[in-house]
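Geometric and topological summary
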Amino acid sequence: MEKTDLKFDKEGLLPAIIQDLTTGEVLMLAYMNEEAFNKTIETGRTWFWSRSRQELWCKGEKSGNKQFVKEIRYDCDNDALLVLVEQIGVACHTGNRTCFYRAIGPKLKKKFYSTIEIGKTTLLEELYQVILSRKMKKPEGSYTASLFKEGTSKILDKVSEEAQEVISATKANDKGKIISEISDLFYHLLVLLVQCNITLEDIETELAKRKR
């Protein structure tokens, strides 16, 4: 598709829905003019047109909550975009993971909802996203990136090592050490999840089956 086939509105704008490629969360809605669209294509970062400030802006330029574009889709009428991104940090200026963190009226039956409250970003979710970023970008000097470089076998060794240290700390009845070692174990388990392309939602769904 040529960009000239896109149908910008009378103000020269297109609505762009931003979605997390990994979790499927709808993160935000913003608008692109032709220049913002071009810069998004050229840089691999999301650029938008601010209707209130009347200027271009790049997501995360000031906050650090960057979006790296993985795919751009358009709808059947050529007048709306769906932008799939890797989200670093949170998407909403309120500090929530997504801009769509509120609901109108009573909630639907609980089975349609995640047991983690929609819109609330937990520390584990934030840490998962950081680990995912380390796997994709492989920054120099990153311990986590080095684990991915060495592969699954090394990650499993670390999980086993940390589990043994939890056992040792528990036998010693050292509460501070137990907390520290369990934290290490949690971290390396998250690395293993990312390595195996398993999301926190997958684990949550499985745990929900075990409520008795």
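These numbers come from a predicted model, not from an experiment.

What counts, and where the lines are drawn
- Residues numbered from 1 in each chain as written.
- Predicted model: local features only at pLDDT ≥ 70, side-chain atom pairs only at ≥ 80, totals over all residues.
- Heavy atoms only, no water.
- Helix = DSSP H or I, 4+ residues; strand = E, 2+ residues; numbered from the N terminus.
- Buried < 20%, exposed > 50% of the residue type's maximum accessible area, 1.4 Å probe, protein only.
- Areas by Shrake-Rupley, 256 points an atom, 1.4 Å probe, with all protein chains shown as cover.
- Patch = residues over 30% accessible without salt bridge, like charges linked within 9 Å, V, L, I, M, F, W, Y side chains within 5 Å.
- Salt bridge = Lys/Arg side-chain N within 4 Å of Asp/Glu carboxyl O.
- Core = buried A, V, L, I, M, F, W, Y, C linked by side-chain atoms within 4.5 Å.
- Contact = heavy atoms within 4.5 Å.
- Arc of directions from axis to C-beta.
- Polar contact = N/O pair within 3.5 Å; in protein donor to acceptor, adjacent residues only side chain to side chain.
- Pairing = 2+ DSSP bridges.
- Axes fitted to C-alpha atoms, helices over the stretch in contact; angles between N-to-C directions.
- pLDDT = per-residue confidence, 0-100.

A closer look at the overall build of the protein
Counting its regular elements, the protein contains six helices and six strands. Counting from the amino terminus, helix and strand elements in the protein follow one another as β-β-α-β-β-β-β-α-α-α-α-α. Per-residue burial for the protein yields a buried fraction of 34% across its 212 residues. Approximately 13500 Å² of the protein is accessible, and the part contributed by carbon and sulfur atoms is 53%.

Describing a nonpolar patch on the surface
Side chains of Ile17, Val26, Leu29 and Phe100 sit close together on the surface and give an oily, nonpolar patch of about 330 Å² of accessible area. Relative to the helices and strands, valine 26 resides in strand S2 (residues 26-32). Exposure remark for valine 26: the relative accessible area of 37% places this residue in the partly exposed category.

Thoughts on the nonpolar core
One broad rule of soluble globular proteins: the nonpolar side chains tend to lie buried together. Judged by nonpolar contacts, the single largest core of 18 residues is most densely connected at Ala16, Ile18, Met32, Phe48, Leu81 and Val83. In terms of residue count, S2 provides more of this core than any other element does, four residues in total. Beyond its immediate sequence surroundings of up to four residues, valine 83 is in contact with Ala16, Ile17, Ile18, Gln19, Met32, Thr46, Val69, Glu71 and Ile72.

Quick word on helix H3 (residues 143-150)
Regarding H3, the residues found buried are Thr144, Ala145, Leu147 and Phe148. Along the axis of H3, the buried positions cluster into a sector of 155 degrees, meaning they face one direction only. What points out from H3, more than 90 degrees from its buried face, is the exposed set Lys149 and Glu150. Where H3 begins, the capping side chain belongs to serine 142, and its oxygen is found 3.4 Å from the backbone nitrogen of threonine 144. The first or second residue beyond H3 is glycine 151, which carries a positive phi of 100 degrees.

Quick word on the sheet that holds strand S6 (residues 81-87)
Read from one edge to the other, the open sheet built from four strands follows the order S2-S1-S6-S5, with strand pairing classed as mixed. A strand with exactly one partner marks an edge of an open sheet, and here the two such strands are S2 and strand S5 (67-74). If you compare each strand with its neighbour and ignore which way they point, the axes differ by 30 degrees on average. The pairing of strand S1 (residues 14-20) with S2 spans six bridges and is antiparallel. Paired with isoleucine 18 across the strands is methionine 28, a residue of S2.

With respect to the pairing of S1
Counting buried positions over the seven residues of S1 gives five, a clear majority of the element. Joining the antiparallel neighbours S1 and S2 is a turn of five residues, in which glycine 24 adopts a positive phi near 80 degrees. Bridge count between S1 and S6: five bridges; the pairing is parallel. Opposite alanine 16, over in S6, you have leucine 81 as the bridge partner.

Thoughts on the confidence of the model for the protein
Scored by pLDDT, the protein has a mean of 88; 89% of the residues are at 70 or more. Across residues 109-120, where pLDDT falls below 50, the model places 17 contacts with residues more than four positions away in sequence or in other chains.

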